[in-house]
Amino acid sequence: MTSLPSIPPAKRLGLVIDLDTCVGCHACAVSCKEWNTGGHVAPLPDTDPYGKDVDGVWLNRVHGFEAEADSSSNMAGRTVYFPRSCLHCEEAPCVTVCPTGASYKRGEDGIVLVDEDKCIGCKLCSWACPYGAREFDGDGGVMKKCTLCIDRIYNENLEPAERQPACVNACPARARHFGDFNDPDSDVSQLTAERGGVELLAEMGLKPTNRYLPPRSSATVGDGASLEDAADAGGFLGWIDRVLSR
Amino acid sequence: MQPAYSVIFLTTATGTGYGLLALLGILRATGDLPDDRAFGVFALGLALALISAGLLASTAHLGRPERAWRALSQWRSSWLSREGVLAIIGYGPAALFAYGWLLLQQNDGIWAMAGWGAALLSVATVYSTSMIYRSLAAIPRWHHPLVPWNYLILALATGALWLNAVLAPFVSGHALLQAICFAALAAAWLLKIAYWRAIDSAVGDSTIASATGLESFGAVRPLDPPHVQDNYLLKEMGFAVARKHAEKLRRLTHLLAFLAPLVLIVLQAATSGQVSLMVAALAAVSVSIGVVLERWLFFAEAQHKVMLYYGADRI
Ligand code: SF4
Ligand code: SF4
Ligand code: SF4
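Basis of the calculations
Residues numbered from 1 in each chain as written. Chains lettered and ligands numbered in written order. Predicted model: local features only at pLDDT ≥ 70, side-chain atom pairs only at ≥ 80, totals over all residues. Heavy atoms only, no water. Patch = residues over 30% accessible without salt bridge, like charges linked within 9 Å, V, L, I, M, F, W, Y side chains within 5 Å. Areas by Shrake-Rupley, 256 points an atom, 1.4 Å probe, with all protein chains shown as cover. Salt bridge = Lys/Arg side-chain N within 4 Å of Asp/Glu carboxyl O. Buried < 20%, exposed > 50% of the residue type's maximum accessible area, 1.4 Å probe, protein only. Helix = DSSP H or I, 4+ residues; strand = E, 2+ residues; numbered from the N terminus. pLDDT = per-residue confidence, 0-100. Pairing = 2+ DSSP bridges. Axes fitted to C-alpha atoms, helices over the stretch in contact; angles between N-to-C directions.

On the surface, a nonpolar cluster with roughly 470 Å² of combined accessible area is contributed by F236, W239, V243 and L244 of chain A. Classification of W239 of chain A by relative accessible area gives partly exposed; the value is 48%.

Here's what the structure looks like:
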């Protein structure tokens with residue numbers, strides 16, 4: 001059925017992405033591509049990979065934005081790197097539009113997946129997703145998307161510490177965290193609560209599972225004391241100031 | 001959005017075919033169309049050919065056309081699935097209606113019901129097609145209450161004009177049909193004007209800041225792109241038509257889809273014989289070219305919210 005699960009999933013697995021610490025190195029995107037081109041949704045084909053018209057399927061893309069300072073919120077301007085992948089929405093429109101049942105949301109953990117044996121490649125789900133989380137594979141004629149690395153997180157052949165999405169493991173800045181949002185003690189729940197994790201495009205009401213931690217305020221840079229008038233300060237500094245001001 | 005020719009053809013051809021079939025079904029049942037077999041073969045043949053060609057074209061843009069049958073399974077949740085199911089069910093009453101008309105020359109009782117049934121399913125199928133677009137909140141210009149009306153009335157108008165063209169050699173001066181053509185064209189024109197006004201003045205509720213969670217900053221601008229060449233998203237959703245081209249195409253649509261056919265329908269009523277036939281045919285050709293332009297613009301002018309990540313400020 002491409003209806004959404006009728007009862008809320010027991011677990012709500014997803015990612016927290018820290019926009020404060022992400023350095024824009026693309027390690028998550030590259031490791032995602034590497035793992036998944038041999039994983040559950042393999043392959044992730046490239047067309048003309050070494051030619052002039054490089055194109056290919058990626059499940060994770062890293063954008064760079066320039067955010068201006070804002071005095072009312074006391075935020076200094078800065079560069080923000082922004083990884084974008086499926087947010088495993090609770091009200092996923094990509095699931096309900098699918099005519100074949102290929103696009104579905106799992107009842108047990110809320111992960112949104114594509115069953116490639118059923119997909120007819122109508123692309124409607126990619127039109128329905130406002131986050132651009134789905135990319136069409138022209139070679140296989142089917143839709144691809146982030147699987148939350150289901151073939152890692154439940155993989156008993158991996159060491160327990162390795163049972164994390166490839167992108168989370170790869171991040172050198174520890175900007176990505178994986179866990180269950182239904183568990184108030186999980187890392188992801190705690191980080192979201194502490195740092196005010198935000199829902200992207202909240203106005204659309206799709207209730208994305210993944211949360212983004214906004215950059216911390218760094219408005220203290222350049223706020224150091226200035227040396228202007230030290231005549232009243234006394235001591236050596238006061239003496240220098242008095243001498244130089246004569 | 002990228003205007004895919006198969007989808008433009010699908011929606012305009014099936015729209016015209018279903019409009020034509022619905023009018024045939026109703027006007028036969030009410031006794032307003034002749035028994036004439038030759039006319040029946042032409043008119044019904046045209047309707048079913050347009051519908052079938054459109055449906056076949058729709059499978060052409062699939063990645064895996066051989067699995068198209070799977071699209072019939074999710075009618076409980078998906079408008080695309082509903083469209084497919086209704087299209088197939090629709091062949092039932094249409095075949096019965098054709099049998100009653102072409103072989104038995106009947107238009108009452110069960111044959112009239114078959115006509116009404118074919119009409120009802122035609123309307124339901126066009127409505128489902130329109131709801132595929134209407135239901136996509138990620139594309140605000142499609143997620144608009146006028147969209148289904150737009151599709152339905154244009155299907156009626158194009159179907160009526162083609163019926164008028166096919167009927168002209170058999171019945172000269174069918175006043176009721178000409179009135180339907182005129183009213184449908186006028187209504188479709190007003191709706192289109194209202195729709196264009198609405199989307200031109202609409203202010204999107206999503207911004208680059210709400211898309212990135214950077215609302216506590218001042219202006220947010222894209223800096224480093226995630227990739228250096230267009231990917232699937234940019235090819236499919238990034239298509240944008242320059243404003244001056246869109247304006248030119250809108251003017252052409254006003255002319256070919258609405259103004260010219262309206263004038264020609266009036267002219268047809270005022271003329272007779274060969275001239276009248278030619279004018280009726282010209283009106284049908286004009287409205288069809290106009291509706292293809294209209295549908296091209298419907299795609300080309302639609303903005304997808306994913307473009308917020310690729311440089312759009314507000315959608
Ligand atoms: S991010 Fe897009 S693809 Fe993922 S669940 Fe939400 S709507 Fe679907
Ligand atoms: S492309 Fe595949 S998964 Fe997406 S809506 Fe179509 S059939 Fe479903
Ligand atoms: S969870 Fe896995 S599939 Fe999803 S973005 Fe990370 S690496 Fe890619």
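Now that the structure has been shown, we can carry on.
Let us now look at unusual backbone geometry. Residue and element names in this part refer to chain A. Omega for the peptide link from A42 to P43 comes to -10 degrees, which places this bond in the cis form. Its place among the elements puts P43 in the loop between α1 (27-36) and β2 (46-47). At D48, a position not held by glycine, the phi torsion is positive, near 50 degrees. Counting through the fold element by element, D48 comes out in the loop between β2 and β3 (55-56). Residue H88 is not a glycine yet carries a positive backbone phi of 50 degrees. Looking at the element boundaries, H88 is found in the loop between β5 (78-84) and α2 (93-96). Take H88: its relative accessible area is 0%, and that puts it in the buried class.

Attention shifts here to the confidence of the model for chain B. Chain-level pLDDT for chain B is 97 on average; 100% of the residues reach the 70-or-more range. Here the predicted complex scores 0.93 on pTM and 0.95 on ipTM.

A word on the sheet that holds strand β1 (residues 220-222) of chain B. A sheet is described by the order of its strands in space; here 3 strands give the open sequence β5(A)-β4(A)-β1(B), paired in antiparallel fashion. The outermost strands of the open sheet, each flanked by one partner alone, are β5 of chain A together with β1 of chain B. The average undirected angle you get between the axes of adjacent strands in this sheet is 35 degrees. When strand β4 (residues 61-67) of chain A meets β1 of chain B, the two strands line up antiparallel, connected through 3 bridges. The residue bridging A67 of chain A from the neighbouring strand is V220 of chain B, located in β1 of chain B.

This next bit is on the sheet that holds strand β1 (residues 13-18) of chain A. Picture the strands of a sheet paired through backbone hydrogen bonds; they go either parallel or antiparallel. All names here are of chain A. Spatial strand order, β10-β1-β11: 3 strands in an open sheet with mixed pairing. This sheet does not close on itself; its edge strands, each paired only once, are β10 (176-180) and β11 (211-213). Taken over all neighbouring pairs, the strand axes of this sheet differ in orientation by 25 degrees on average, direction set aside. Pairing of β1 with β11, which is carried by 3 bridges, proceeds in the parallel orientation. From the neighbouring strand, D18 faces β11, where its bridge partner is L213.

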